[in-house]
Amino acid sequence: MCAAIENPAKCEVRGVIRFLWAKKLSAADIHRELCAVYGANIISEGVVRQWVRFFKDGRTNIHDESRSGRRSVVSADLIKEIDEKIRLLRNFTISQLSEHLPNIP
């Protein structure tokens with residue numbers, strides 16, 4: 001028996017599903033193979049069936065689609081500013097750091 005692979009990326013598991021689907025395995029067999037390699041709780045059989053349907057319908061992308069919603073407040077400028085403040089205030093508390101940063105919406 002193989003050693004279980006811990007914490008795989010979603011796209012890795014989806015890539016394996018796509019590969020095994022291309023080899024003509026059923027969704028149940030794909031689920032069994034995934035559980036054998038990644039552990040019993042890696043993904044439900046229903047989600048495997050869903051991804052098999054996506055691939056049958058022509059989907060080739062294994063990555064999440066971009067979605068609408070609240071945009072992240074983290075920017076490269078904010079990261080740079082935080083880094084500068086941390087380097088300036090070596091012994092700080094989170095409260096002190098937040099006093100030196102702009103208000104985040």
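In the annotation of an unreviewed UniProt entry, the protein is listed under the name Mos1 transposase HTH domain-containing protein and assigned to Araneus ventricosus.

Asks: Describe unusual backbone geometry, listing the residues and the values that go with them.
Replies: Of note, the phi angle at Asn7 is positive, near 55°, even though the residue is not glycine. Examined against the element boundaries, Asn7 turns out to sit in the segment before α1 (10-22). For Asn7, a relative accessible area of 75% translates into the label exposed. Of note, the phi angle at Lys24 is positive, near 70°, even though the residue is not glycine. Note on placement: Lys24 falls in the loop between α1 and α2 (27-38). Residue classification places Lys24 among the exposed positions, given a relative accessible area of 74%.

Asks: Tell me about the pattern of salt bridges, residues and numbers included.
Replies: In the structure shown here, the tally under the stated rule is five salt bridges. Of the charged contacts in the structure, one is a salt bridge between Arg32 and Asp29, with a shortest N-O distance of 2.4 Å. Taken together, the residues Arg32 and Asp29, both in helix α2 and three residues apart, mark about one turn of the helix. Of the residues examined, Arg32 reaches a relative accessible area of 53% and is grouped as exposed. Residue Glu45 is joined to Arg49 by a salt bridge in which the shortest nitrogen-to-oxygen separation is 2.5 Å. Of this pair, Glu45 and Arg49 both sit in helix α3 (residues 45-56), four residues apart, roughly one helical turn. Judged by relative accessible area, Arg49 falls into the partly exposed class, the value being 39%.

Rules behind the numbers
Residues numbered from 1 in each chain as written. Predicted model: local features only at pLDDT ≥ 70, side-chain atom pairs only at ≥ 80, totals over all residues. Heavy atoms only, no water. Helix = DSSP H or I, 4+ residues; strand = E, 2+ residues; numbered from the N terminus. Buried < 20%, exposed > 50% of the residue type's maximum accessible area, 1.4 Å probe, protein only. Salt bridge = Lys/Arg side-chain N within 4 Å of Asp/Glu carboxyl O.

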